[in-house]
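Here are the chains, one letter per residue:
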Amino acid sequence: MNKKQSRDALIKGVVGKVATSKEAIKEANAVPEPTHSMLGGGIGYKLDDKLHLLTVLNTYNFTDSYYKSSSEFISTLCNLIEKVAMEDPEFVTKAIVYSRCCGSGLRSITQLASVILLPIIRNTPLAKKLFSKWDKKNGKGGMIYRPDDMKAIQDLWKMLGNGIVLPNSMKKGFREVIESLDSYSLLKYKKYIIDISNLVHPNPKKSKATVEVDGEVIPTISAIMSGKNVSADTWETGLSDVGQVVADLEVEGEAKEEALRVGKREVFLQLLQEDKMGYLAMIRNISNILKNASSSNDEIISLLCSRIQEGERIRSAKIMPHQLINAYLHAEDKRVVEALDKAIKVAMVNFSEVITGKVAILLDVSGSMHKIIKEAAAITSILYNALADRASLFIFAERGEKSKIAPSKFSATFYNILNGFTGGGTNLEDGLRVIKNDPVTYDRIIIISDNEANRGYCVTMYKEYIKTKNSPKIYSVDLAGYGETSLPIEGKVRLYYGKTFAMFDDMIMDEFNPMSHIDRVNQLEL
């Protein structure tokens, strides 16, 4: 290499490509430098406390993560609630309700958060509102999304040394919840209703729910509390009844097995016909339904497929993408697999229409992701298939690279992506470099990671990307909730969190206001 070649190589290596415009230089220079030492060893940014609280409430499921133990996460939750609630108790109250009823719908972490918050909001109107019923139809109310939430909260309250006596605010909230429930809900959750009713003493006269017992119509609450033999018409009780009927027949061997099969088929068929089976219960029982079908042409299979492919129900049931994987594992019938594929497609149709332009999906396959690879692969598969020929898949660990995996059916894409987790360090900078050097100019980049880059210097590459190529919108999907990010959450960089399809809806609604999550919580009506 002569002197001129050596000089040219030096200049090119330092300067890179010439900036595209004065505006691009100005935008890149406005990106703040990172100053926060992250858990993974890199340098990044600390999330706003309110946003950090929301990520924990929507991602943590009481398991050790790569960088934090369960006890450390719970300690972080306590500190965040105390810190934020001392200044803005209403926000924390709404954040808990929003996360339980509108966000990921995680039960245990939001129930614990409510008990931690209670001493701060006790003897205020917020306390009773927190423990009131969520109005699904009007999208407002408290955090009691299901009747068994009350029992779980009471157990936590007792476990944390508060005894069996409930605070008045919790009592009043729970009492009104029970009085407002319909007969089906009261009977379905009868076991928990009895326990809570013994503590809060609901008034049967304030309840509109009634049930017929021995020819007499009485309040359902009274029937439950007096020990009447009443139960809800659920799939669990239906199957239990079948078992009891067959036992009474006193048949054995093949005759017994056939009687059980026929009885269970009739239970599932009736529930599907009357649409009384929840979506999650339905996909969890795919194997049972198929096993008890009378033949491969049984109408129950067609009905099952028809119910499954109602993709809009995926959102209302708060289904998590990785739960669909379990459904695929038990879907031995090709028609059921196709129904699941169609359901996901229907559930994502708005997303694919609104998220326009060319999209680069950048998946973290490093070692720190190994405890959440199933969730990461499921989310990536859904996004990749929804965007189809407008998307390219990139991966990064020690190095970044463009994946050769092509979008296909959800299950096939999922397993191909799952097999690509390599482990090693987390070099987000190199992942962005590979996208920058790709011939395609991308309008959006979706990063799926635990947000703990520990190789390279992400911000330098991000600035170079803006100056020399374009300024894409960046969707940073946080699957860990550590409260840290490798890129600043401002401008065109947006943070997302959660494990349900609600996160995709969030992307649709977002106008790249860095605080839009906070705004939606503040707008919630208790």
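**A few points about the pattern of salt bridges**
Phase 1 of the analysis: What the rule picks out here adds up to 28 salt bridges.
Phase 2 of the analysis: Arginine 265 is the partner of glutamate 266 in a salt bridge, and the nearest nitrogen-oxygen pair spans 2.6 Å.
Phase 3 of the analysis: In this structure arginine 265 comes out as buried when scored by relative accessible area, which is 12%.
Phase 4 of the analysis: Glutamate 310 is paired through a salt bridge with arginine 313; the nearest N and O atoms lie 3.2 Å apart.
Phase 5 of the analysis: Arginine 313 gets classed as buried once you look at its relative accessible area, which sits at 16%.

**Some words on helix α9 (residues 168-180)**
Phase 1 of the analysis: Helix length check: α9 (13 residues) gives 18 Å between terminal C-alpha atoms against 18 Å at 1.5 Å per residue, within 8%.
Phase 2 of the analysis: Along α9, the positions that sit buried rather than exposed are Ser169, Met170, Gly173, Phe174, Val177, Ile178 and Glu179.
Phase 3 of the analysis: Taken together, the buried residues of α9 touch α6 (107-121), α7 (125-130), α8 (148-162), α10 (183-188), α11 (190-200) and α12 (220-225).

**Points about unusual backbone geometry**
Residues other than glycine predominantly adopt negative phi, and peptide bonds predominantly adopt the trans conformation.
Phase 1 of the analysis: Positive phi, close to 55 degrees, is recorded for histidine 201, a residue that is not glycine.
Phase 2 of the analysis: For histidine 201, the location among the structural elements is in the loop between α11 and β5 (210-213).
Phase 3 of the analysis: For histidine 201, a relative accessible area of 57% corresponds to the exposed category.
Phase 4 of the analysis: Positioned with a positive phi, asparagine 451 is a non-glycine residue whose angle comes to about 60 degrees.
Phase 5 of the analysis: Its location among the elements puts asparagine 451 in the loop between β10 (444-449) and α25 (458-468).
Phase 6 of the analysis: In this structure asparagine 451 comes out as buried when scored by relative accessible area, which is 5%.

**Regarding the packing of aromatic side chains**
Phase 1 of the analysis: Tallied over the entire structure, the rule returns 13 aromatic pairs.
Phase 2 of the analysis: Plain terms: the ring middles of phenylalanine 414 and tyrosine 415 are 5.0 Å apart, the flat faces sit at 75 degrees to each other, and that makes the pair edge-to-face.
Phase 3 of the analysis: With a relative accessible area of 1%, phenylalanine 414 lands in the buried category.
Phase 4 of the analysis: Seen from their ring centres, phenylalanine 501 and phenylalanine 504 are 5.5 Å apart, and the 80 degrees between their planes marks the pair as edge-to-face.
Phase 5 of the analysis: Classification of phenylalanine 504 by relative accessible area gives buried; the value is 0%.
Phase 6 of the analysis: Pairwise contacts between aromatic rings join Tyr60, Phe62, Tyr66, Tyr67, Phe73 and Tyr482 into one cluster.
Phase 7 of the analysis: The ring of tyrosine 496 has arginine 494 lying over it, and the distance from NZ or CZ to the ring centre is 5.3 Å.

**A word on the confidence of the model for the chain**
Phase 1 of the analysis: Averaged over every residue, the pLDDT of the chain is 88; the share at 70 or more is 93%.
Phase 2 of the analysis: Per-element mean pLDDT across the chain ranges from 64 in helix α1 (residues 3-15) up to 97 in strand β7 (residues 359-364).

**Digging into the sheet that holds strand β12 (residues 484-485)**
Phase 1 of the analysis: In spatial order, the strands read β1-β2-β12; together these 3 strands make up an open sheet with antiparallel pairing. This sheet does not close on itself; its edge strands, each paired only once, are β1 (36-37) and β12.
Phase 2 of the analysis: Where strand β2 (residues 43-46) and β12 come together, 2 bridges link them in antiparallel fashion. Its bridge partner lying in β12, lysine 46 is registered against glutamate 484.

**A few points about the environment of methionine 277**
Phase 1 of the analysis: Inspection of the secondary structure assignment puts methionine 277 in the loop between α14 (253-273) and α15 (279-284).
Phase 2 of the analysis: When the C-alpha positions of methionine 277 and arginine 307 are compared, they lie 9.5 Å apart, and in sequence the two are 30 residues distant.

**Remarks on the pairing of strand β11 (residues 473-478)**
Phase 1 of the analysis: Most of β11 sits out of view: 5 of its 6 residues are buried.
Phase 2 of the analysis: Note: β10 against β11, 6 bridges, orientation parallel. In the strand pairing of β11, serine 449 is matched with aspartate 478.
Phase 3 of the analysis: With respect to chirality, the unit in which β10 leads through α25 into the neighbouring parallel β11 is right-handed.
Phase 4 of the analysis: Judged from the 5 bridges that link them, β11 and strand β13 (residues 493-497) form a sheet pairing that is parallel. Within β13, the residue paired with isoleucine 474 across the bridge is valine 493.

**Points about the side chain of asparagine 451**
Phase 1 of the analysis: Side-chain polar atoms of asparagine 451 contact the side chain of serine 476, separated by 3.2 Å.
Phase 2 of the analysis: In this structure, asparagine 451 is in contact with Met38, Ser476, Asp478, Glu484, Thr485, Ser486 and Leu495, ignoring residues within four places of it in sequence.

**Concerning the sheet that holds β7**
Phase 1 of the analysis: With respect to topology, 6 strands assemble into an open sheet ordered β9-β8-β7-β10-β11-β13, the strand pairing being mixed. What marks the edges here is a single partner per strand, and that holds for β9 (400-402) and β13. Adjacent strand axes in the sheet meet at a mean angle of 20 degrees when their direction is disregarded.
Phase 2 of the analysis: Across the sheet, helix α22 (residues 373-387) touches β7, β8 (391-396) and β10, and the angle it forms with β7 is around 170 degrees.

**As for the pairing of β2**
Phase 1 of the analysis: Sheet analysis places β1 next to β2, joined by 2 bridges and oriented antiparallel. The residue of β2 that forms the bridge with serine 37 is isoleucine 43.
Phase 2 of the analysis: Linking β1 to β2, which pair antiparallel, is a turn of 5 residues; within it glycine 41 sits at a positive phi near 105 degrees.

**Digging into the side chain of serine 392**
Phase 1 of the analysis: Counting through the fold element by element, serine 392 comes out in strand β8.
Phase 2 of the analysis: Using a relative accessible area of 13% as the deciding quantity, one classes serine 392 as buried.
Phase 3 of the analysis: At a separation of 2.9 Å, a polar atom in the side chain of serine 392 contacts the side chain of tyrosine 442.
Phase 4 of the analysis: If sequence neighbours within four positions are ignored, serine 392 has contacts with Val359, Ala360, Ile361, Tyr384, Lys402 and Tyr442.

The rules we used
Residues numbered from 1 in each chain as written. Predicted model: local features only at pLDDT ≥ 70, side-chain atom pairs only at ≥ 80, totals over all residues. Heavy atoms only, no water. Salt bridge = Lys/Arg side-chain N within 4 Å of Asp/Glu carboxyl O. Buried < 20%, exposed > 50% of the residue type's maximum accessible area, 1.4 Å probe, protein only. Helix = DSSP H or I, 4+ residues; strand = E, 2+ residues; numbered from the N terminus. Expected span 1.5 Å × (residues − 1). Contact = heavy atoms within 4.5 Å. Phe/Tyr/Trp six-rings, centres within 6.5 Å; stacked < 30°, edge-to-face > 60°. Lys NZ or Arg CZ within 6 Å of the ring centre and 35° of its normal. pLDDT = per-residue confidence, 0-100. Pairing = 2+ DSSP bridges. Right-handed = clockwise from strand over helix to strand, strands pointing away. Polar contact = N/O pair within 3.5 Å; in protein donor to acceptor, adjacent residues only side chain to side chain. Axes fitted to C-alpha atoms, helices over the stretch in contact; angles between N-to-C directions.

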